[in-house]
Every structure is written in structure tokens, then in C-alpha cells.
Amino acid sequence: MIKHKKQIEKIMSGMKCNIGFACYKSGFKNLEKAKDTPLASFVECSNRYAWQCEYSLLFGSSYLCKCPLRVYVLKKMKK
């Protein structure tokens, strides 16, 4: 995580999080399940409460997550 620290802080400074960056505070151990997609700015969210998230977008029968921090963590850190 140290290698990604500056980029993570930059991402967090440019966004708001209604759950207070719980994923970051847990050291990314408390993450909603997600799968990578070919879309650069989205991951597929596996959370059953995705419809409640301000960063989710219904796409067909699944939800895409556009949270910049979650996208970065999955695509760059592979978590």
C-alpha cells in the first residue's frame, strides 16, 4: 500500500465518501466484492446493496461501481 499512498491520497482528496473511507481506514481489508471490467473507470459491484450506493450505476442486470478509490484499488492494487 505504501507504493500507492500518494495516488490514494490524491484520489480521496478529490471525492466525498458517505461512509467515511471505511475501506481505506481498514487497510483495504473491508472492501465490497468487485470484478474488473474492460471499462477504465468502472468495476462490477457484487454488493447486494449496490443500488443504495451513490457511486453505483445500474447496467443491465448488474451494477457498475464508479467510486474512483474502489476502481483504483481493484485495477492497480488487484484487491
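Preceding this paragraph is the structure being described.
A. Summary view of the overall build of the protein. Tallying secondary structure elements over the protein gives 3 helices and 4 strands in all. Counting from the amino terminus, the protein carries its helices and strands in the arrangement α-α-β-β-β-β-α. Principal-axis analysis of the C-alpha atoms gives the protein an extent of 35 × 25 × 20 Å. Residue burial in the protein is summarised as follows: out of 79 residues, 32% are buried. Counting contacts in the protein only where the partners sit at least 6 residues apart, residues at least 24 apart contribute 51% of the total. Element-wise, carbon and sulfur atoms account for 57% of the exposed surface of the protein, whose accessible area totals about 5,600 Å². Separation of charge centres in the protein, based on 16 positive and 5 negative side chains, amounts to 5 Å.

B. Representation of the packing of helix α1 (residues 5–13) against helix α3 (residues 68–77) in the model. One can describe the packing of α1 onto α3 by two numbers: an axis separation of 9 Å at closest approach and a directional angle of 160 degrees. The orientation of α1 relative to α3 falls into the category roughly antiparallel. Taken as a pair, α1 and α3 cross one another with a handedness that is right-handed. Residues Q7, I8, I11 and M12 of α1 form the contact with α3, whose participating residues are P68, L69, Y72 and M77. Partitioning the contact of α1 with α3 into residue classes produces 7 nonpolar, 1 polar and no charged.

C. Layout of the sheet that holds strand β1 (residues 34–36). Read across the open sheet, the 4 strands follow the order β1-β2-β4-β3; overall the sheet is antiparallel. The outermost strands of the open sheet, each flanked by one partner alone, are β1 and β3 (56–59). Neighbour to neighbour, the strand axes of the sheet diverge by 35 degrees on average, direction disregarded. The pairing of β1 with strand β2 (residues 43–45) spans 3 bridges and is classified as antiparallel. Following the sheet pairing, D36 is matched in β2 by V43. The sheet contacts of α3 involve β1, β2 and β4 (62–65), and relative to β1 the element is tilted by about 60 degrees.

About the cut-offs
Residues numbered from 1 in each chain as written. Predicted model: local features only at pLDDT ≥ 70, side-chain atom pairs only at ≥ 80, totals over all residues. Heavy atoms only, no water. Helix = DSSP H or I, 4+ residues; strand = E, 2+ residues; numbered from the N terminus. Buried < 20%, exposed > 50% of the residue type's maximum accessible area, 1.4 Å probe, protein only. Contact = heavy atoms within 4.5 Å. Areas by Shrake-Rupley, 256 points an atom, 1.4 Å probe, with all protein chains shown as cover. Lys, Arg positive; Asp, Glu negative; His and termini not counted. Charge placed at Lys NZ, Arg CZ, Asp CG, Glu CD. Axes fitted to C-alpha atoms, helices over the stretch in contact; angles between N-to-C directions. Parallel < 35°, antiparallel > 145°, perpendicular 65-115°, else oblique. Left-handed = near helix turned anticlockwise from the far one by under 90°. Nonpolar A, V, L, I, M, F, W, Y, C, P; charged D, E, K, R; others polar. Pairing = 2+ DSSP bridges.

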